Each structure stands twice: as C-alpha cells, then as structure tokens.
Amino acid sequence: MTPEVLIPLLAAAVISGTPILYATLGAMFSEKSGVLNLGVEGVMLTGCLTGFLVAKASGNPILAFGAAGLAGALTASLHGLVCLVFQGNQVVSGLALTLLGTGVANYFGTAFVGQAAPGFAPFPIPWLADIPGIGPVLFNHDPLVYLSYVLPPLFWLFFSHTRFGLNLRATGEFPGAAAAAGINAIAYRWAGVLVGGFFMGLGGAYLSLAYTHLWTNNLTAGRGWIAVALVIFSFWRPGRAVFGAYLFGGIMALQLRLQAFGTTLPSSLLLMLPYVLTVAVLVFSSLHNKKTGAPAALGVNIEPRD
Amino acid sequence: MRIGIIFMALLCLAGISTMHAAERELTVGFVYVSPVGDAGWSHAHDQGRLALEEMPGVKTAFVEAVAEGPDSERVIQTMARRGYDIIFATSFGYMDPMLKVAGQFPNTVFMHCSGFKTAANMGNYFGRIYQARYLSGMVAGAMTTSNVIGYVAAYPIPEVIRGINAFTLGAQTMNPDVTVRVVWTKTWYDPAMEKEAAKSLLDAGADVIAQHQDSPGPQEAAQQQGVYSIGYNTDMSRFAPEAHLTAPVWNWAPYYQQVVQRVQDGTWQASSDWLGMAEGIVDLAPFGPMVPQEVQDRVLAAKEQIIRGEKKIFSGPINNQQGDEKVADGVILPDTDLLGMKWFVQGVVGTTE
C-alpha cells in the first residue's frame, strides 16, 4: 500500500474510531465500578439527538457537546435507579435501556431527519499538522478528536493513581470489602453509572456534531454494541481501548476504500467485516478469560444491608 | 311566500348535493418509507401530494417512516378501512403488502411505485430517472479534470445499476477518458456512511461525487473537500452550495394529478406506467454557477432530444465492463432489458455484487 492510500485510510480510521472510543471509555468507567451497562447504544442515541438539538437551537457546538454528555448521564441514571435502588438485573435493565433510548431518540428525532445543525469543523493544529505522515493522520481533525487523545491517559491515571479511582475499582472488585473499609459503595457505583453515561453521550454527540452535521434516526448504527465488545477486547484497560477503537474504525474505512479502489470482492462480504471482527474479538477474549482484568463483581448487585 | 322560500332552499340543497355527486370528494393517502423532511425520495413524493391539495374536492393524508413489510401492510389496510379512495405506496418493499390489501378492498384504487405487480385495482408506476442521470453525467464528465468520478450507491439492483450506466454513458459523451468508480453502502439513508463512502472515493482520485442515496451526506463530503457533486431526488444545492453542479430530480405532481383526475372522472384503469422526461416526471435541477454556459447548452440540447424522443440513452453500440459488445450498433435496448439490468457498461469500476 502506497502512502497516498495509507495516510487517508489511517486518518479515516481515527475519525471513525473516535465515537467508539468515547463510548468504550464510558462503558469501561461504568464497568470498573461493577455496573454492567448494555444500554450503550441507547445512551449514545439520546446524547446524539440532544447534541444535535442543542446545536440547532443555540448554534453553539461546545454547549451542545456538554448537553449531550448530561443527557447521556440522565439516561444512564435510569439504569442506576433500576440496578442500584431496586436491585434489578443489570443485563435486563441495560437491554431495556437500549430499546428505550433508541425509541425516545426516534420519537423526538423523526421530525428533524434531513436537517442540518452547526457543529465542529476540522482544525489542523499548526506545526504538528505539517509533520509528514503523522500530521495528516493525527493532527488534521476536529477538536473533539484531540480531546479524545487526552482521555485514555487521564482515565489510566484516574484508575490507578487517584484515591477516587482506586475506591471505584474496589467497589467493582469486592463491594463488601470496600464497604467494610468505609467506602460508600453505592455512591461510587452511582458515580460509575453517571460518569460512564456522560462519556457514552459524548460518543453519540460526536456523530451528530462532527462526523456528519445531518440528523437521521439511528445515527449510531450499532456502534454502542461495538463499544460493549471493545471493553472486553481491551481487558478493561484504557490504552488498549484506543487500539481497539481505531482498529474498528480502520476496518469500517477500509471496506469502503477497497471498493473505491476497484476490488472485485462482493461488497456484501466487505460490509460484514466490522461485525465479523466483533465476533472474532469476543472469541479471542474469552480464550484468555483467566486474566482479562474483568472487575470481579461486574454485574453483581450490592445487597442492601438491613 | 314562506313555502316559496323553503322550496328555494330545498332546491339549493339539492343543487349542492348534485354538485358533490359530480365532483366526488376524494381522499388520497400516501405511505412513505422515510420522513418527508429528508430532502430526498419521500420529500419529492410529498411535493406531489401537496400539488393534489390544490385540486378541488381532494383531501390528502400521509404516514411517513413506515417500515417495509408487515408494518406497511397494517398502515395501508388502515387507510383502506377508513375509506380512502386512492392509496399511493412509494417504496419497492410495499409491493406485496399492498397487493394483499388490494385483494380485500376491491373498490379502493391502489398505486405502487417502483414495483412490477398489478391487480384489477392496483397499478404501478415509476419514472425514467436514468434519462436525467445521463444528462447529469454529461455535466460531471465536462467538469472533471482527474477523469475519475465517484458514485456513492445504495444497493446493486437494476434501478441503481441502470442509473450508473446512463450516468457513465452521459459522462463519456463529454469526455471519453472518464471512469466512474462505484462504492456500495447497502443503505438508502445513512448520512455518516454515505459521507465516509464519498471520502473514500475522493481518496481514490475522484473530483466529482455523484450519488444514488436518499441523503445529502455525499454532498457534504464534496463541499468539505472543495470538489464538485451531483445530487439526487431534489435540488440539494442548499446543503453544498459551492459543490452542487446539478441533480436528477423527481417531479411527481403532474402524474399524481393525472391519476386523481382519472379516478374522479371514473376512467381510471390499472396499468404499469414508466414515464420519463417527456411527461415531466423526471428533470434536471438548475445548474450551479460554476457550470460553463457551453456545457449547459449542450446538456439542454440533449435534454430537448430526449424529450422529443430522438435520443434513446441505451442505444448501441454499448460495451460491458470487460469490453465485450452488449448492445449492437443501431439496436435500442428494450424496456424489459432495462428493468432487469445487472451489468455495468465500459468505464465503470466496481462490481454489481
């Protein structure tokens, strides 16, 4: 592959991978606290629509991006209500959240299909964007992509070097012991659910504010589920999440480019690639299930003390 | 005197009711596959519906974003049960559900767009959009400097393949060296995917982007990259004012008015109508200011020839992708071959699978 082909492909991989990266980090945050949230797709969609609507009404994309995060947190709080207050089944609640989020976004979004809203435009970073090879791939994007570069190291620092992060993980590993050590496990799980939902909402907003500026129903098109799979693939490590997200983004971009460059492979096979990869990733991860780093109490509710 | 007034009033009432009998109040229902605000396929049909509202004695209603399959059957059935006189269903996948409902309501007129099945009370109709695509191809062929045109396309079905072929033949009349690269998205409406597909074509060297989708996503990509684009369905220039050269567009109003008029007159009969530029069903959107006058003149001259029936798009000699002759010199491809077209003409890069 020549550089003229490879560089646009890698740049496209970063763009396609960014919404998945935000959502994966959000899902990871929630799961670190021990709450499995399978509602990523639904949370992303509510964030996606809120971002679009706020941008359209206010003309301010930054405000819209923040509002999308809050909408994501609000949607995820329903999951918190079911799992942390009423001790509901996390898997069932997450699936219900996907259906609810999709339905709500379709209900309120249908009237806006095909309409455009202001959003983020590419902003090449001076000097860095001129570096041959790396510049166009990494530093010729919109500001939300740059923000996503900063997040994984911050998440890593947070999980391994801050008291709050360590307490959060303790809650996800062994809530009983955490509670015995004086940690308010329920409060930490709420934090996990809400902050996780915030980042899933941001992932959705990336699609309606930067990826395209046009609204359509189901803009996320299954990216939430890919994020759920990527948390497992990344063994709950933020650094590997970056790799996974760009790998998926790259596969999505690659199949279209193979067609554009005149491959003779049937397009149906190429379009299957991201989903085949999802299955492959899960098979690969489950072969290593001894040391995946999954929080020990993931999906297990904290029984209320009498 | 009083009796006289009552008599006059009765006469008036009778007059009004006979007038009603002459010009029956018709209710016309439309079923759309996507929301009407989408600037695309359903929006074009809805413009036709609005034109019906102008007709005296006609009321219309529509249901948007109806999924093909069982959902559409329920919607069509509800309309029929409520006593709608004419029902237009405007997506291919509504064909079999509509046929089923048509059997249950013999007094209702059913009209299906883009299919091939009919019944005593069910007609079908479609437009020869490939004629307009040929003309838009001429514009694209004249404007490209890299000689590569990108084409974002939904599904490899005859309707789309026919459009790509006509577009390519048109482009080749202005520029024999042109190639048209095709990327299939396997979706009718996904702006993000369509934009990404357009970007992949730009990376492959295309400097004009055409499309057979229902969203302006490809137009957005072309505008961002500073290259030209050809829209589809409706005039998409507001989404990409600097990129939009022209677009093959639908104009359903005259046809819909004709159908309703026939039903009003009691002369309607089920038929298969495949109408083109001559009937005004398909057309070309206004040219962007960047299209040179001489190009516009040549395109408009070809349009006149198509309208007069002097020019047939698929007249030989036409070679397929491999360079083998598919249509011999002097032969005009019949409609049955057009409706089942599964091969690309020479100059198209891509597969039909």
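A quick note: this is a predicted structure, and the numbers were derived from the prediction, not measured. (Residues numbered from 1 in each chain as written. Chains lettered and ligands numbered in written order. Predicted model: local features only at pLDDT ≥ 70, side-chain atom pairs only at ≥ 80, totals over all residues.)

Q: Help me out: how do you make sense of the overall build of chain B in this one?
A: The helix and strand inventory of chain B stands at eleven helices and 16 strands. At 23 Å, chain B has a C-alpha radius of gyration in line with the 20 Å of a compact globule built from 353 residues. Oriented by its inertia axes, the alpha-carbon framework of chain B measures out at about 85 × 40 × 40 Å. (Helix = DSSP H or I, 4+ residues; strand = E, 2+ residues; numbered from the N terminus. Rg over C-alpha atoms; globule rule 2.2 N^0.38 Å.)

Q: Just to check I follow, could you spell out the sheet that holds strand 6 (residues 148–153) of chain B for this structure?
A: As a general point, the strands of a sheet are linked pairwise by backbone hydrogen bonds and lie either parallel or antiparallel. The six strands are arranged 10-9-8-6-7-16 (chain B) in an open sheet whose pairing can be described as parallel. Bordering the open sheet on either side are strand 10 (244–246) and strand 16 (348–349) of chain B, each of which pairs with just one other strand. Taken together, the two bridges between strand 7 (residues 179–184) of chain B and strand 16 of chain B define a ladder with parallel strand orientation. Bridge pairing links V180(B) to V348(B) in strand 16 of chain B. This element, helix 11 (residues 238–260) of chain A, spans strand 6 and strand 7 of chain B of the sheet and lies at about 150° to strand 7 of chain B. Here helix 7 (residues 191–203) of chain B sits on the sheet in contact with strand 6, strand 7 and strand 8 (208–212) of chain B, set at roughly 160° to strand 6 of chain B. (Pairing = 2+ DSSP bridges. Contact = placed C-beta atoms within 7 Å. Axes fitted to C-alpha atoms, helices over the stretch in contact; angles between N-to-C directions.)

Q: Please clarify how the interface of chain B and chain A should be interpreted in this entry.
A: Contact residues are listed per partner, giving 33 residues for chain B and 27 residues for chain A. Per-class residue counts for the side of chain B that touches chain A are 14 nonpolar, nine polar and ten charged. (Nonpolar A, V, L, I, M, F, W, Y, C, P; charged D, E, K, R; others polar.)

Q: Looking at this model, I keep getting lost on the packing of helix 11 of chain A against helix 7 of chain B. Mind explaining?
A: Axes are the key here: two packed helices are described by the angle between their axes and the distance separating the axes. Close contact between helix 11 of chain A and helix 7 of chain B brings their axes to 8 Å; oriented N to C, the two are set at 50°. Judged by the angle between their axes, helix 11 of chain A and helix 7 of chain B are oblique. Both helix 11 of chain A and helix 7 of chain B take part in a crossing whose hand is right-handed. Where helix 11 of chain A approaches helix 7 of chain B, its residues A253(A), L256(A), R257(A) and A260(A) are matched on the opposing element by E196(B), A197(B), S200(B), L201(B) and D203(B). (Parallel < 35°, antiparallel > 145°, perpendicular 65-115°, else oblique. Left-handed = near helix turned anticlockwise from the far one by under 90°.)

Q: Would you explain the pairing of strand 1 (residues 26–31) of chain B in this entry?
A: By the bridge criterion, six bridges tie strand 1 of chain B to strand 2 (residues 58–63) of chain B in an arrangement that is parallel. Looking at strand 2 of chain B, one finds that T27(B) is bridged to K59(B).

Q: So what exactly am I meant to see when it comes to the sheet that holds strand 5 (residues 122–127) of chain B here?
A: Residues and elements named next belong to chain B. Read across the sheet, six strands follow the order 2-1-3-4-5-12 without closing on themselves; strand pairing throughout is parallel. A strand with exactly one partner marks an edge of an open sheet, and here the two such strands are strand 2 and strand 12 (272–275). Each neighbouring strand pair of the sheet contributes to a mean axis angle of 20°, computed without reference to strand direction. When strand 3 (residues 86–89) meets strand 4 (residues 109–113), the two strands line up parallel, connected through four bridges. Paired with I86 across the strands is V109, a residue of strand 4. In the packing of helix 3 (residues 70–81) onto the sheet, the strands contacted are strand 1, strand 2 and strand 3, and the crossing angle to strand 3 comes to about 165°. Together, strand 1, strand 2, strand 3, strand 4, strand 5 and strand 12 form the strand contacts of helix 9 (residues 253–265), whose direction differs from that of strand 1 by roughly 140°.

Q: In this structure, what is going on with the packing of helix 1 (residues 3–32) of chain A against helix 6 (residues 143–161) of chain A? I would like to understand it.
A: Residues and elements named next belong to chain A. As a packed pair, helix 1 and helix 6 sit with axes 10 Å apart at the nearest point and diverge in direction by 25°. The angle between helix 1 and helix 6 falls in the class roughly parallel. Seen along the crossing, helix 1 lies across helix 6 with a hand that is left-handed. Here V14, I15, T18, L21, Y22, L25 and K32 of helix 1 come into contact with helix 6, specifically with L144, V145, S148, L151, P152, F155 and F159.

Q: Please explain unusual backbone geometry as it appears in this structure.
A: Most peptide bonds take the trans form, and the phi angle of most residues other than glycine is negative. Geometrically, the link from G316(B) to P317(B) is a cis peptide bond, its omega value of 0° lying close to zero. Here P317(B) shows up in the loop between helix 10 (293–307) and strand 14 (318–319). Here the phi dihedral of W127(A) falls at roughly 70°; this positive angle occurs in a residue that is not glycine. Assignment of secondary structure puts W127(A) in the loop between helix 4 (90–109) and helix 5 (134–138).

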